[in-house]
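# Coordinates in review
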Amino acid sequence: MSEKLATAPRGKVSLFGVLRSESIRFFSLNSTRILILLAIVLYAAIAAIGTWGIGSLRASMGGMEQMPGMEDLAAPGFASELMGSGLVFSQLILGVLGVLLFSGEFTTGSAVSTFLASPQRLRVLAAKTILITVVTAGVQIVSSLLAFAISKPIADNYQMDLDFGSDAFQRVLWYGALAVAMAALIGLALGMMLRNSAGGITSLAALFFVLPIILSILTSITDWAQHIAKFTPDQLGMALATPSSVVTDLESWQQLLGVAGWIVLPLALGAVLLAKRDIK
Amino acid sequence: MIQAQQLTKKYGGKTVVDNASFTVQQGMVTGFLGPNGAGKSTTMRMIVGLAAPTSGEVLVNGRDFKKSRHPLTEVGTLLEAKSVHKSLTPLAHLRAMAATAGLPVSRVHEVLEVTGLSSVQRKKVGGFSLGMGQRLGIATALLGDPQVLILDEPVNGLDPEGVAWVRNLARQQAAEGKTVFISSHLMSEMAQTADHLIVIGRGRIMADAPISEFIDNGLDQTIVRSADIEVLMNALNGDGVQLRRIDEHGVEVTGPDSVTIGRRALEYGVVLSELRPLQRTLEDAYMELTRDAVEYHSSNVAETGGGK
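- The name that an unreviewed UniProt entry assigns to chain A is ABC transporter permease, with the source organism given as Glutamicibacter nicotianae.

Quick look at the structure:
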């Protein structure tokens with residue numbers, strides 16, 4: 001070790017700086033690359049396999065649209081909505097990415113470095129929120145485009161109507177991105193509140209997979225449960241992206257309000273806790 | 001400069017820092033000394049806003065650090081060796097830290113160079129030894145060329161060369177007019193580095209004084225031996241002088257220093273076979289000061305039967 005140090009320029013902390021800092025660390029981690037790759041591959045594969053499966057079923061049975069109960073297969077946007085079949089998995093995987101972005105700070109002790117470099121804690125939260133929103137929405141758009149690119153030749157082969165410009169595919173593309181970003185922000189809030197990766201991921205999985213099961217059981221007993229079931233994050237996402245497959249009686253504004261609630265409320269609660277609690 | 005005013009931190013019912021008021025001056029190295037669990041780290045965490053005081057306040061250069069616009073340039077902090085994501089490399093960690101404040105990448109390479117980490121800059125931090133983690137922590141602290149340097153047990157896990165380097169670094173930074181605040185549970189370490197000492201025990205500030213006072217405030221003690229010890233004892237007897245016979249020819253003198261005793265022996269024609277000042281070390285002073293304030297006492301091994 002030598003002893004002489006030059007004088008460093010005076011460094012002013014800014015939201016842009018913290019955002020750059022978060023990006024450098026986020027993309028340096030293997031977990032980030034693995035989860036993003038997994039989300040894209042799984043989503044595109046589910047779409048392609050779904051298209052192939054339905055296509056070959058149609059080909060082998062012939063004219064099954066006329067059969068009672070199978071009319072949906074002939075609906076104009078059906079092939080497009082197949083593209084969104086893996087949406088809930090994307091929500092979960094990229095939601096985990098959101099959990100890790102915050103819980104990792106506390107499980108590894110790097111929170112100390114982070115909050116020494118930006119003592120204003122809410123600025124760190126703002127940077128993480130922007131980063132995870134842009135990344136997960138972006139990844140979901142890439143996933144949808146890849147799903148389309150792979151499935152298009154398959155759909156053409158079976159004379160299925162898969163059209164990029166169609167209203168149905170555009171819904172899958174954009175509302176899918178919204179649904180995934182919502183899940184990632186819920187994950188971010190869980191990671192921030194629980195400060196623990198395993199706990200955050202388990203809670204997220206419970207929200208997406210266990211809560212719907214519990215609500216569906218309750219629905220058979222009581223009426224009010226079905227009103228709540230419409231507002232779970234997986235139902236909201238699927239009903240927005242694939243409205244013919246997952247039918248809801250909610251108005252668009254009600255759906256969007258539900259999404260906004262799932263984004264704002266956990267983050268706001270987490271922000272209050274983040275500002276108050278000590279950093280360990 | 002760091003100013004703490006009646007700083008108190010309670011966790012549940014336990015008071016970890018108890019009404020601590022002190023000032024850490026710039027241009028010198030201030031040691032923060034105390035046994036394990038005395039509240040050193042908690043105090044440092046409160047200084048940099050990671051822990052909120054239950055009551056009282058602490059200011060860095062006259063301001064609350066949580067509102068600082070130039071945090072890395074204001075305070076460089078080492079709190080624990082591994083405040084870094086295990087899967088990151090030193091380069092990625094330091095680049096990310098530098099980015100928050102818009103510091104250039106050239107500065108990252110500078111601190112990697114001075115802390116001797118250039119050769120491992122692309123290795124994952126998870127595989128680092130305690131010493132290497134400590135070096136990375138120091139590199140992080142130095143990144144913004146801060147006005148105030150806060151180092152919590154910086155020499156933990158360092159090899160002798162690293163320990164000497166940290167000492168030089170602290171002295172050099174203080175010489176440049178910066179505020180240097182270093183904690184340790186070892187008095188011997190502080191004795192070689194610090195100009196000023198703040199001693200903490202069970203969350204309370206026990207002493208706050210220049211390091212010289214820790215050695216000088218005790219009375220001189222000297223062991224004297226002579227065949228004519230009785231004569232000398234009579235010659236020395238007087239105001240405030242304590243004499244304690246330790247054996248046939250030896251006595252322990254408390255009060256006058258060894259020069260005075262030697263001169264008196266010459267005046268009375270007494271031949272001395274031994275004249276030995278008892279050094280009251282910083283370690284003794286520290287032990288005395290914190291004896292009742294040690295959180296975790298180790299008991300005699302023989303008494304506990306050496307385990308089950």
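### Remarks on the packing of aromatic side chains
All names here are of chain A.
- All chains considered together, the criterion is met by nine aromatic pairs over all chains.
- Between Phe102 and Phe106 the ring centres are 6.2 Å apart and the planes differ by 10 degrees, which places this aromatic pair in the stacked class. Here Phe102 pairs with Phe106, and both are found in helix α4 (residues 87–108), just four residues apart, close to one helical turn.
- Of the residues examined, Phe106 reaches a relative accessible area of 13% and is grouped as buried.
- Seen in terms of ring centroids, Phe148 and Phe164 are 5.3 Å apart; in terms of plane orientation they differ by 75 degrees. Their pairing is edge-to-face. Residue Phe148 is located in helix α6 (residues 121–157), and its partner Phe164 is located in the loop between α6 and α7 (167–194); the two are separated by 16 residues in the primary sequence.
- Taken together, Phe148, Phe164 and Phe169 form an aromatic cluster joined through their ring pairs.

### A word on the pattern of salt bridges
Residues and elements named next belong to chain B.
- In total, this model carries 24 salt bridges over all chains according to the counting rule given.
- When the shortest N-O distance is used, the salt bridge between Asp64 and Lys67 registers 3.7 Å.
- The closest approach of N and O atoms between Lys178 and Asp145, which form a salt bridge, is 2.7 Å. One end of the pair, Lys178, is in the loop between α6 (160–175) and β7 (179–184); the other, Asp145, is in the loop between α5 (130–142) and β6 (148–152), with 33 residues separating them in the sequence. Both residues of the pair, Lys178 and Asp145, belong to the buried class.

### Description of helix α1 (residues 40–47) of chain B
All names here are of chain B.
- Counted residue by residue, α1 has seven buried out of eight residues, so it is predominantly covered.
- Those residues of α1 lying buried are Lys40, Thr42, Thr43, Met44, Arg45, Met46 and Ile47.
- Downstream of α1 by one or two residues, Gly49 has phi in the positive range, about 80 degrees.

### Structural notes on the sheet that holds strand β3 (residues 28–33) of chain B
Residues and elements named next belong to chain B.
- The sheet built from six strands is open, its strands ordered β5-β6-β7-β3-β8-β9 with mixed pairing. Only two strands of the sheet have a single partner each, and these edge strands are β5 (75–78) and β9 (204–210). Shown here is a sheet whose adjacent strand axes are inclined to one another by a mean of 15 degrees, direction ignored.
- Bridge count for β3 against strand β8 (residues 196–201) is four bridges, and the pairing is parallel. Residue pairing in the sheet places Thr30 in a bridge with His196 of β8.
- Along the sheet face, α1 touches β3, β6, β7 and β8 and points at about 150 degrees away from the line of β7.

### A look at empty space enclosed by the protein
- Evaluation of the coordinates by the stated rule reveals three cavities of 30 Å³ or more.
- Taken as a whole, the largest cavity holds about 150 Å³ of empty space.
- A:Ser113, A:Leu116, B:Thr77, B:Gly137 and B:Thr140 are the residues nearest the centre of the largest cavity, which is lined by 20 residues in total.
- The set of elements that each furnish at least two residues to the lining of the largest cavity consists of α5 (110–117) of chain A together with β5, α3 (90–100) and α5 of chain B.
- Take the lining of the largest cavity: its biggest share by element is five residues, from α5(B).
- Each residue belonging to the lining of the largest cavity can be placed in one class, and the counts come to eleven nonpolar, eight polar and one charged.
- The volume enclosed by the second largest cavity comes to roughly 80 Å³.
- Together, 13 residues line the second largest cavity, and A:Ser21, A:Arg25, A:Thr114, B:Met97 and B:Thr100 are the ones closest to its centre.
- Of the residues that constitute the lining of the second largest cavity, the class distribution is five nonpolar, six polar and two charged.

Calculation criteria
- Residues numbered from 1 in each chain as written.
- Chains lettered and ligands numbered in written order.
- Predicted model: local features only at pLDDT ≥ 70, side-chain atom pairs only at ≥ 80, totals over all residues.
- Heavy atoms only, no water.
- Phe/Tyr/Trp six-rings, centres within 6.5 Å; stacked < 30°, edge-to-face > 60°.
- Helix = DSSP H or I, 4+ residues; strand = E, 2+ residues; numbered from the N terminus.
- Buried < 20%, exposed > 50% of the residue type's maximum accessible area, 1.4 Å probe, protein only.
- Salt bridge = Lys/Arg side-chain N within 4 Å of Asp/Glu carboxyl O.
- Pairing = 2+ DSSP bridges.
- Axes fitted to C-alpha atoms, helices over the stretch in contact; angles between N-to-C directions.
- Contact = heavy atoms within 4.5 Å.
- 1 Å grid on protein atoms, 1.4 Å probe; cavity = no way out; pocket = protein on both sides within 12 Å on 5 of 7 lines; lining within 4 Å.
- Points joined across faces, edges and corners; volume = space filled by probe spheres on them.
- Nonpolar A, V, L, I, M, F, W, Y, C, P; charged D, E, K, R; others polar.

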